[in-house]
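Chains, contacts and geometry: an overview
The lines below spell out each chain.
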Amino acid sequence: MKKEERNAAITKWVLIGITILFLGIMLLLPLIVVLVQAFRGGIAAYMSAVADEYTIRALLLTLEATLCAVILNTIFGLFASFAVTKFDFKWKKILTTLIDVPVTVSPIIAGLIFILLFGRRSILYEWLKAIHIKVVFAVPGIILATIFVTFPFISRELIPIMEAQGKDEEEAAALMGANGWTIFRRITFPHIKWALLYGIVLCTARAMGEFGAVSVLSGHLRGRTNTLPLHIEILFNEFQYIPAFAVSSILVVLAIFILVVRSVLESRGKKEYES
Amino acid sequence: MKQKRVIPGFGLSIGVTLTMVSFIVLIPLACLLMNVTKLSIGEFIEIITRKRVLASFYVSLMTAFVASLINAVMGMIIAWVLVRYEFPGKKIIDGMIELPFALPTAVAGMALTYLTADEGWVGSLFARFGIHIAYTRIGIIVALVFVGIPFVVRAVQPVLEKLDPSYEEAAGVLGAKRSRIFWKVIFPEVLPTLFTGFGLAFGRCLGEYGSVVFIAGNKPYETEIAPLVVMSKLQEFDYESATAISLVMLVVAFVVLFINNMVQARNAKILNGGN
């Protein structure tokens, strides 16, 4: 029996060792290399890279696209998850599959479909040109691509929670004469608030970091249609490693912040669920 | 036969949902299909069977498969360690798993390239033995492993947590060795979700672009993945080829998704049937 226990202890520490080594190299080391390289040229070089005019413009465009995507997808996520979980209707399965399509589609295809829809060869092109709206290789295209890739992020968090909660409480409230808004505000919302917040955090993270789809739709015009990740790519390809890593470090810090928020929200949600 | 809906707000929520799904997902995807129908079948086949295109399909499938396989093995170990063992720093490791979701793929790709280049921290260790990581297929696999880590871990973890310990205890009482208990009792229970995690990671890796472009070196026939071919066709304004190749990628993505959903539905049936 002794030998068995000793073997179990060896297995335990070997497996823990493998886990720490693997995650240390694959996840931690990339973060460390970004931070080290960012400050290799000293604080002054870091600051000049971060405070660069093009960097700030790229940051503002990224924030603009992210804000649009988060607002729109939050509205969508709330309505969609309410419709899917509180009512029965035909074709529900098809609807939920369609909602999930954007995460299975390659970001490059996500960019391509909007080029086909609004680009030079589309029937909409002449019409859009007449009213002076440029979508492809311009800011609206970037916003559309960002909305598309993060489309199901909030409904995905909400649907399982609302499904588990069932609809008895809402039905009881409705029978007692409460209207839709009151039902949502007083009954549904308290159940989903942490999941909603988590969904918004995830959506923000993905929207800020989206690269492929935005890269297809952006004209790569510095200062005009460059988002933060695209700006980083240009710097890296020009061998400007210190500025590239300095700008990346903003996104690294943001990613760490998101992970911390996530674990806080998760333990919050769990506690409330248990009590 | 119409069932009366008790909860108010069906019309509004389904209306908003359908409108947004149509505009963001359905119409753009339909547009892609319409563009493909402009090609004759002969032209379509000619485009997707070009040597360079076929090579890119092969590189995409091969690297995604190997990376997901590595992730399945490592994900199983990590999930096991996180569920079964207590050790200092466990909470931090658990929180780190989602880093690939939170960190923009471009930043990850750049950091991994810098690390694994022949003069990088990790690359220099391997270069001594004549193994080159960055700018080869191994590099692509490294990037895809990074992207896929959370999928397997987060699929397996909840199943391991919910596993009924009484079977293991029974097997132990009957005198089975620990390794035998794992392979005969635990592993068969986890296998279906392990497959789901593998499928999710595989699907994601097939379309991945941001992290791969930096590390791949993008040599035709060697390290050029399918999304990259689409991107270069778009830059040449060769929309016919881009659309045709995208359709193939889309079909493959849907097949992966479909198989995955079938496995998941079967799992759910088994799980619910047990209760």
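Just so you know, these numbers come straight off a predicted model, no measurement behind them.

We now examine the interface of chain A and chain B. With 85 residues of chain A in contact, the opposing surface of chain B contributes 82 residues. Roughly 7700 Å² is buried in total at the junction of chain A and chain B, and carbon and sulfur atoms are behind 83% of that figure. Interface area lost by chain A to chain B is led by Leu27, Phe87 and Arg121 of chain A, which between them contribute 8%. Along the contact surface separating chain A from chain B lie one salt bridge. Two residues, Glu98 of chain B and Arg262 of chain A, come together in a salt bridge whose shortest N-O distance is 3.3 Å. There are five residue pairs in polar contact (both at pLDDT 80 or more) connecting chain A and chain B. Here the residues of the side of chain A that touches chain B are counted per class, giving 63 nonpolar, 11 polar and 11 charged.

Residues and elements named next belong to chain B. For chain B, the assigned domains are domain 1 (1-37) and domain 2 (41-274). Relative to domain 2, the C-alpha centre of domain 1 lies at a distance of 32 Å. Across the boundary between the two partners, domain 1 contributes five residues, which contact five residues of domain 2. Taking both sides of the interface into account, the surface hidden between domain 1 and domain 2 amounts to around 410 Å²; carbon and sulfur atoms contribute 96%. Its largest share of buried area at the contact with domain 2, domain 1 owes to Leu29, Leu32 and Val36, together 81% of the area lost on that side. Here domain 1 and domain 2 share zero salt bridges between them.

Residue and element names in this part refer to chain B. The phi angle at Tyr221 is positive, at roughly 70°, despite the residue not being glycine. Structurally, the position occupied by Tyr221 is in the loop between helix H11 (210-216) and helix H12 (226-235). Note on Tyr221: relative accessible area 46%, which makes it partly exposed. A positive phi angle is found at Phe237, which is not glycine, with a value near 60°. By the secondary structure assignment, Phe237 is in the loop between H12 and helix H13 (239-274).

This brings us to the confidence of the model for chain B. Overall, the predicted model of chain B reaches an average pLDDT of 89, with 96% of residues at or above 70. Per-element mean pLDDT across chain B ranges from 83 in helix H9 (residues 165-173) of chain B up to 95 in helix H3 (residues 51-84) of chain B.

Right, let's talk about the pattern of salt bridges for a bit. For the structure shown, the criterion picks out 16 salt bridges over all chains. A salt bridge links Arg156 of chain A to Asp100 of chain A; the nearest nitrogen and oxygen atoms lie 3.3 Å apart. Placement of the pair is Arg156 of chain A in helix H8 (residues 153-165) and Asp100 of chain A in helix H4 (residues 92-104), with a sequence separation of 56 residues. A relative accessible area of 28% places Asp100 of chain A in the partly exposed class. Salt bridges here are not isolated pairs; linked through shared partners, they connect Arg262 and Glu266 of chain A together with Asp94, Glu98 and Arg154 of chain B.

Another aspect to go through is the nonpolar core. Ranked by internal contacts, the top residues of the largest apolar core, which has 185 residues, are Leu23 and Phe148 of chain A together with Val25, Leu103 and Leu160 of chain B. With 14 residues, the single largest contributor to this core is H3 of chain B. Non-local contacts of Leu103 of chain B, meaning those with residues more than four positions away in its chain, are made with Leu31, Leu251, Val252 and Ala255 of chain A together with Ala108 and Phe146 of chain B.

All right, on to the domain arrangement of chain A then. Residues and elements named next belong to chain A. Domains assigned within chain A are domain 1 (1-38) and domain 2 (43-274). Just the C-alpha atoms count here: the centres of domain 1 and domain 2 sit 33 Å apart. Taken residue by residue, the interface counts six residues in domain 1 and eight residues in domain 2. Contact between domain 1 and domain 2 buries roughly 610 Å² in total, counting both sides, with carbon and sulfur atoms accounting for 86%. Scanning the region where domain 1 abuts domain 2 turns up zero residue pairs in polar contact (both at pLDDT 80 or more).

This part is about helix H2 (residues 41-48) of chain B. Residues Phe44, Ile47 and Ile48 of chain B constitute the buried set of H2 of chain B. Relative to the axis of H2 of chain B, the buried residues are bounded by an arc of 85° and lie together on one face.

All names here are of chain A. Between helix H5 (residues 107-118) and helix H7 (residues 139-149), whose axes approach to 10 Å, the crossing angle comes to 135°. Overall, the two elements H5 and H7 adopt an arrangement that is oblique. Here the hand of the crossing between H5 and H7 comes out right-handed. The segment H5 lies against H7, with Ala110, Ile113, Phe114 and Phe118 engaging Leu144, Phe148 and Val149.

The rules behind these values
Residues numbered from 1 in each chain as written. Chains lettered and ligands numbered in written order. Predicted model: local features only at pLDDT ≥ 70, side-chain atom pairs only at ≥ 80, totals over all residues. Heavy atoms only, no water. Contact = heavy atoms within 4.5 Å. Buried area = accessible area lost by both parts, 1.4 Å probe. Salt bridge = Lys/Arg side-chain N within 4 Å of Asp/Glu carboxyl O. Polar contact = N/O pair within 3.5 Å; in protein donor to acceptor, adjacent residues only side chain to side chain. Nonpolar A, V, L, I, M, F, W, Y, C, P; charged D, E, K, R; others polar. Domains from an automatic or database assignment. Helix = DSSP H or I, 4+ residues; strand = E, 2+ residues; numbered from the N terminus. Buried < 20%, exposed > 50% of the residue type's maximum accessible area, 1.4 Å probe, protein only. pLDDT = per-residue confidence, 0-100. Core = buried A, V, L, I, M, F, W, Y, C linked by side-chain atoms within 4.5 Å. Arc of directions from axis to C-beta. Axes fitted to C-alpha atoms, helices over the stretch in contact; angles between N-to-C directions. Parallel < 35°, antiparallel > 145°, perpendicular 65-115°, else oblique. Left-handed = near helix turned anticlockwise from the far one by under 90°.

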